[in-house]
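As a plain string of letters, each chain reads:
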Amino acid sequence: MISKALSYIKNIKTTGAIYESSRFVSRNITNEINNHKPQIVIELGAGSGNITERILSKLHPDSQLFCFEIEPQFYAKLENIKDSRFHLIKESAADVTKYFDLSSVDVIISGLPLSLFDDSDRRQLLNDCYSLLKKGGVFRQFLYSLQKNYFMPIFDRMETSLEMNLPPAVLYSCYKLN
Ligand SMILES: C[S@@+](CC[C@H](N)C(=O)[O-])C[C@H]1O[C@@H](n2cnc3c(N)ncnc32)[C@H](O)[C@@H]1O
């Protein structure tokens with residue numbers, strides 16, 4: 001637990017957090033993962049892999065999960081995940097469109113510290129995520145503050161909920177309907 005916390009704190013400019021998100025966040029941010037049908041799922045900012053493990057526990061056997069992470073301190077933990085559906089991409093989320101066709105992804109789950117991003121980088125990334133989603137697809141993000149304006153202009157519908165976490169987290173559910 002202490003070594004995990006140190007990984008977050010030492011890299012706070014990249015992680016934007018002092019520890020991994022709570023089990024309430026990991027349970028609820030993954031509730032669009034559907035084990036009744038195969039899905040293409042992307043996780044942005046996998047960190048110590050707590051949400052990653054939760055996604056895998058809910059994933060259909062024929063689904064695929066692609067995780068982006070740029071902090072080398074987390075690679076050993078993520079590389080320990082032995083699951084043929086899991087693919088670690090050691091690149092920035094900014095490169096996500098290099099890997100997928102437009103309108104091909106069912107669910108994108110993000111723990112990225114979006115509030116630390118430049119406005120234009122954040123807007124570009126969220127536009128990219130929107131264009132990757134299938135019609136009916138969902139982008140889910142947790143943040144430690146209320147930032148509806150990041151998502152509202154880009155997605156067709158947005159819902160928020162407050163999740164138990166330290167500090168409390170806002171969970172954004174953003175849909176592509178068209
Ligand atoms: C708040 S932590 C979330 C970690 C974990 N998913 C959780 O729920 O606790 C943010 C993560 O995003 C990663 N990250 C930051 N910028 C990134 C980028 N541009 N591309 C990929 N990962 C990034 C950080 O290294 C860190 O692991």
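As the structure is a computational prediction, the values presented were derived from the model and not from experiment.

**Looking at the sheet that holds strand E7 (residues 169–175)**
Thought 1: Spatial strand order, E3-E2-E1-E4-E5-E7-E6: seven strands in an open sheet with mixed pairing. Two strands in the sheet have a free side with no partner beyond their single neighbour: strand E3 (86–89) and strand E6 (157–163). When the angles between neighbouring strand axes are averaged without regard to direction, this sheet yields 15 degrees.
Thought 2: Note that strand E1 (residues 40–44) and strand E2 (residues 64–68) share five bridges and pair parallel.

**Remarks on the environment of Ile108**
Thought 1: Structurally, Ile108 is set in strand E4 (residues 105–110).
Thought 2: Remark: the alpha-carbon pair of Ile108 and Leu56, spanning 52 residues in sequence, is separated by 14 Å.
Thought 3: For Ile108, the contacting residues outside a window of four places in its chain are Ile42, Leu44, Cys129, Leu133, Val138, Phe139 and Arg140.

**What to know about the UniProt feature "domain: Methyltransferase type" (unreviewed entry) in the protein**
Thought 1: Under the UniProt annotation, the feature "domain: Methyltransferase type" (unreviewed entry) is placed at residues 42–139.
Thought 2: With 29% helix and 26% strand, residues 42–139 has its two end C-alpha atoms placed 9 Å apart.

**So, the side chain of Arg85**
Thought 1: Here Arg85 is to be found in the loop between helix H5 (75–79) and E3.
Thought 2: The class of Arg85 is buried, set by a relative accessible area of 12%.
Thought 3: Aside from chain neighbours lying at most four places away, what touches Arg85 is Leu56, Leu59, His60, Pro61, Ser63, Gln64 and Leu65.

**Looking at the environment of Thr160**
Thought 1: When you line up the elements, Thr160 lands in strand E6.
Thought 2: By relative accessible area, Thr160 is classed as partly exposed at 35%.
Thought 3: Spatially, the C-alpha atoms of Thr160 and Val170 are 6.6 Å apart, while their sequence positions differ by 10 residues.

**Thoughts on the pattern of salt bridges**
Thought 1: Inspection of every chain in the model, using the stated rule, returns seven salt bridges.
Thought 2: Residue Lys4 pairs with Glu20 through a salt bridge whose shortest N-O separation is 3.2 Å. Taken as a pair, Lys4 in helix H1 (residues 2–10) and Glu20 in the loop between helix H2 (12–15) and helix H3 (23–29) lie far apart in primary sequence, 16 residues in all.
Thought 3: Residue Glu20 is classed as buried on the basis of its relative accessible area of 16%.
Thought 4: Of the charged contacts, one joins Glu91 and Lys98 as a salt bridge, the two residues approaching to 3.5 Å between their closest N and O atoms.
Thought 5: Owing to a relative accessible area of 25%, Glu91 belongs among the partly exposed residues under this scheme.
Thought 6: The class of Lys98 is exposed, set by a relative accessible area of 59%.

Parameters at a glance
- Residues numbered from 1 in each chain as written.
- Predicted model: local features only at pLDDT ≥ 70, side-chain atom pairs only at ≥ 80, totals over all residues.
- Heavy atoms only, no water.
- Pairing = 2+ DSSP bridges.
- Helix = DSSP H or I, 4+ residues; strand = E, 2+ residues; numbered from the N terminus.
- Axes fitted to C-alpha atoms, helices over the stretch in contact; angles between N-to-C directions.
- Contact = heavy atoms within 4.5 Å.
- UniProt positions renumbered as here; feature names shortened; annotations may be inferred.
- Buried < 20%, exposed > 50% of the residue type's maximum accessible area, 1.4 Å probe, protein only.
- Salt bridge = Lys/Arg side-chain N within 4 Å of Asp/Glu carboxyl O.

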